[in-house]
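What follows is the residue order along each chain.
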Amino acid sequence: MAKRRVAFYLMTIPALLLFFAFHTFPALQGIYYSFTNWDGFSDSFDYVGFKNFINIFQDENVLNSYVFTFKYAILTTILINIISLLIALGLNAKIKAKNFFRGVYFLPNILSVLIVGFIFNYLFANVFPIWGEKLGSEFLSQNILGNSDWAWIGIVIVAVWQGIAYNTILYLAGLQTIPQDLYEASNLDGASRWREFWSITFPMLASFFTINMVLAMKGGLMVFDQIVALTGGGPGRSTQSIAHLIYTGGFQGGEFAYQSANAVIYFIVIVVISALQLKFLQKREMDL
Amino acid sequence: MKKTIKPVMVSLLAMSVLSACGSNSGNNAADNTSSGGNSSGDKVKIEFFQNKTEAKATFDKLVAKFNEANPNIVVTQVNPPDAETVLKTRAAKKDIPDVVGIGATDTYKTLSGSGLFEDFSSDPLAESIQPAYVQMLKDLTGSSELNGLPFSSNASGVIYNKAMFTEAGVTVPTTWDEFIAVAQKFKDSGKNAFYLTLKDSWTTLTPFNSLSTIIKGNDFFKQRTEGTVTFADSFNEIAEKLLKLTEFGQKDIFGKGYNDGNTAFAKGESAMYLQGVWAIPEIVKANPSIELGVFPFPATNDAANNKVISGVDTLLTISKSTKHKEEAKKFVEFLLQPENVSLYINEQKAFPAVQGVTQDDPTMDGFKAAFTSGNLADFADHYIPSAMKVDTINQAFLQKKDVDAYLKQLDKEWDKVADRK
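Keep in mind it's a predicted model, so treat the numbers as computed, not measured. (Residues numbered from 1 in each chain as written. Chains lettered and ligands numbered in written order. Predicted model: local features only at pLDDT ≥ 70, side-chain atom pairs only at ≥ 80, totals over all residues. Heavy atoms only, no water.)

**Section: the overall build of chain A**
No. 1: On a plain count of helices and strands, chain A comes out with twelve helices and zero strands.
No. 2: Counting from the amino terminus, helix and strand elements in chain A follow one another as α-α-α-α-α-α-α-α-α-α-α-α.
No. 3: On the principal axes, the C-alpha backbone points of chain A span a range of 75 × 75 × 30 Å.
No. 4: A burial count over chain A gives 44% of its 288 residues as buried.
No. 5: The long-range fraction of contacts in chain A, counting pairs at least 24 apart against all pairs at least 6 apart in sequence, stands at 69%.
No. 6: For chain A, the exposed area adds up to about 16,200 Å²; of that, 71% sits on carbon and sulfur atoms. (Helix = DSSP H or I, 4+ residues; strand = E, 2+ residues; numbered from the N terminus. Buried < 20%, exposed > 50% of the residue type's maximum accessible area, 1.4 Å probe, protein only. Contact = heavy atoms within 4.5 Å. Areas by Shrake-Rupley, 256 points an atom, 1.4 Å probe, with all protein chains shown as cover.)

**Digging into the UniProt feature "domain: ABC transmembrane type-1" (unreviewed entry) in chain A**
No. 1: UniProt tags residues 66-277 of chain A as "domain: ABC transmembrane type-1" (unreviewed entry).
No. 2: With 78% helix and 0% strand, residues 66-277 of chain A has its two end C-alpha atoms placed 18 Å apart. (UniProt positions renumbered as here; feature names shortened; annotations may be inferred.)

**Re the interface of chain B and chain A**
No. 1: On the side of chain A, 36 residues touch chain B, which itself brings 33 residues to the contact.
No. 2: Regarding the contact of chain B and chain A, the summed buried area is about 2,800 Å², with carbon and sulfur atoms giving 42% of it.
No. 3: In this assembly, chain B and chain A are joined by six salt bridges.
No. 4: The partner of E255 of chain A in a salt bridge is R420 of chain B, and the shortest N-O contact between them spans 2.8 Å.
No. 5: Remark: the boundary between chain B and chain A carries 21 residue pairs in polar contact (both at pLDDT 80 or more).
No. 6: For the side of chain B that touches chain A, the secondary-structure elements that each account for two or more residues are α4 (83-92), α5 (106-113), α17 (390-400) and α18 (403-420) of chain B.
No. 7: Tallying contributions element by element places α18 of chain B first for the side of chain B that touches chain A, with six residues. (Buried area = accessible area lost by both parts, 1.4 Å probe. Salt bridge = Lys/Arg side-chain N within 4 Å of Asp/Glu carboxyl O. Polar contact = N/O pair within 3.5 Å; in protein donor to acceptor, adjacent residues only side chain to side chain.)

**Observations concerning the packing of helix α11 (residues 242-252) of chain A against α4 of chain B**
No. 1: Across the interface, α11 of chain A lies against α4 of chain B with an axial gap of 9 Å and an inter-helix angle of 75°. With respect to their mutual orientation, α11 of chain A and α4 of chain B come out roughly perpendicular. Along the contact surface, α11 of chain A presents Y247, F251 and Q252 of chain A, while α4 of chain B presents T85, K88 and T89 of chain B.
No. 2: Residue classes in the contact of α11 of chain A with α4 of chain B are distributed as two nonpolar, three polar and one charged. (Axes fitted to C-alpha atoms, helices over the stretch in contact; angles between N-to-C directions. Parallel < 35°, antiparallel > 145°, perpendicular 65-115°, else oblique. Nonpolar A, V, L, I, M, F, W, Y, C, P; charged D, E, K, R; others polar.)

**Concerning the nonpolar core**
No. 1: Residues F179, F194 and M272 of chain B are the most contacted members of the largest nonpolar core, which totals 76 residues.
No. 2: In this structure, I73, A104, M136 and F151 of chain B belong to the second largest nonpolar core, which totals 53 residues. (Core = buried A, V, L, I, M, F, W, Y, C linked by side-chain atoms within 4.5 Å.)

**Focus on a nonpolar patch on the surface**
No. 1: Together, I95, F100, F101, V104 and Y105 of chain A give the surface a local cluster of nonpolar side chains, amounting to about 460 Å² of exposed area.
No. 2: Counting through the fold element by element, V104 of chain A comes out in helix α4 (residues 98-110). (Patch = residues over 30% accessible without salt bridge, like charges linked within 9 Å, V, L, I, M, F, W, Y side chains within 5 Å.)

**A word on the UniProt feature "transmembrane region" (unreviewed entry) in chain A**
No. 1: Here, UniProt's "transmembrane region" (unreviewed entry) annotation points to residues 7-28, 72-93, 105-131, 151-175, 196-215 and 263-281 of chain A.
No. 2: Structurally, residues 263-281 of chain A comprises 100% helix and 0% strand, and the distance from its first C-alpha atom to its last is 27 Å.

**Observations regarding the pairing of strand β8 (residues 292-295) of chain B**
Residue and element names in this part refer to chain B.
No. 1: Where burial is concerned, the two faces of β8 agree: the one with L292 and V294 and the one with G293 and F295 are both buried.
No. 2: Pairing geometry for strand β5 (residues 158-161) and β8, over four bridges, is antiparallel. If you follow I159 over to β8, its bridge partner there is V294. (Pairing = 2+ DSSP bridges.)

**Some words on the confidence of the model for chain B**
Residue and element names in this part refer to chain B.
No. 1: On average, chain B scores 85 in pLDDT, and the residues at 70 or more come to 90%.
No. 2: When the criterion is pLDDT under 50, residues 7-40 qualifies, and its contacts beyond four places in sequence or with other chains add up to 14 contacts.
No. 3: Under the prediction, the complex receives an ipTM of 0.80, its pTM being 0.80. (pLDDT = per-residue confidence, 0-100.)

**Observations concerning helix α8 (residues 193-204) of chain A**
No. 1: Taking 1.5 Å of rise per residue, twelve residues should cover 16 Å, and α8 of chain A covers 15 Å from first to last C-alpha, within 8% of that figure.
No. 2: Those residues of α8 of chain A that fall on the buried side of the exposure criterion are E196, F197, I200, T201 and F202 of chain A. (Expected span 1.5 Å × (residues − 1).)

**Remarks on the sheet that holds strand β6 (residues 192-194) of chain B**
All names here are of chain B.
No. 1: Read from one edge of the open sheet, four strands run β6-β7-β5-β8, paired in mixed fashion. Every interior strand has two partners, whereas the edge strands, β6 and β8, have only one. Ignoring which end each strand starts from, the neighbouring axes of this sheet average 20° apart.

Structure, rendered in structure tokens:
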């Protein structure tokens, strides 16, 4: 017995140390800096108490980035889950070249977000406007990323295009776990396809639905690379996400401590949202 | 076991032979003192970090030349995208490159203010630099130390397509009214006067800097810090003129970026381009046969007052914490030699900061008068805290076109950043 316990500790302690060194310690450091006025490179700094936090609540750039990030995250979460569930259902059906199609749909997940972003950046600037012009639409013949009201939709399109790949795979895995005899039984009872989906497939996928919703929402709230590659937060600050604001303000703007305070607040917000999401969605699973 | 030991022994032997050769070849006194801490024969590695993507190939040539002449030193060039931010993050980690090439910007100001760079004020190398640029650095940092050696300077105004000007029968404008008349003439004939690249927010700064520096002067920002002036009662004319320029751009001015603009202007899609000389190499790359000219940005109707905006485009500096000060110095000294400066300025269409070298490209004739008479002024945005992100404020303003809101926002952001210090 004792020997086995040693083995477990041997596995756990290095992981714990690594996790502490590269995750917990920097996080604690960030909390410490959020109470100072360090600019990120000077030798000295002062302790300023809650000044940074008070200033955060008076900064409309912060509020603006929260508004953008949340509307972006909610819309991408919904779109990614609907589309990837549909694709997963299609890929799970009895079709020819099933594995080929599965590979094709997974492809976007392999590409780096930055590369996808730069490709779409080019398409939005030089290709889509030409198509829009042919359609005779004044609106579509402009680069959507240059429009402060619509640029965020451009980012949603790219994020959804890439995001569905991973969630499709999770849904596909979920679909494989549903026992076939349930469908056979429903066939005998003469259930319609629609009824079959709502009464068998969707409830059986409940736990996968939960994890996909949480993952997509988390990804949406952390959005950073897409912004860098597509708009750089512009036009103005209309597509500046919270992570992008923390990075640019903290390092380009030389306000490391101030943005650390922003990051601390954001950390609390994300923890609360994830907890709520899990609580709400898992309760739905129980009800079945 | 024996099988594995044998190759290891052989390779160890081989390595000791090789290192012996190395120490023999580099056997002069200077090298011995400089590589004191190293085991004999190791090459000293110097990292040269610079922020101009346009200049990467030119610096590669210079670095190769240096490495060839100095077999004991290996200089590697590092030129990441968004280099100023990378430099700041590395400064936060106390991992500063040995030699840094950077513009005289707010980043330079804050980093040198933190005491990260060598002081060159009593260095003989500083004597070869034009005093005006040395003064510019001191004005920017407000310190008596000289933390960098100006290498090249730039000039910003208007670049124009000579063939299109001849075809339209217009001459180079020297006042704001003439400037707008020329732009209107191009617009009336169905052509774009400017190619605007406002998707990249920083490109709003080129006209902004000219307008702000010529109309208000850079002392404004000092007075703003003291609280004797505000943007709201001083920047009206600048805002109006900035907005006026957007009327003469191509369709979809917010959808195109700097790279799109360089190509489009090179292909003759607009008669003028509101950029500095740093864009010229890229334009010529896209269309080698284009005939380009430049003229100072006519921000006011007083032609004599329309200065060329010129700043230190690249200054060279050495990290205080470098372990190879001698070698780093040697590389900086090499770059500052007149023949290397002239290679650089010819390829980059920049202006030399080093005495005894001149920029003789006929494309630059339009700026020559200003350079000889000293009718120059520094970029306004070097005096604006970078946390304010004035470029994104400009970008939003040009979309919303609300002058009052824009001026109020400038004041508000300035105060907010000052309060957070």
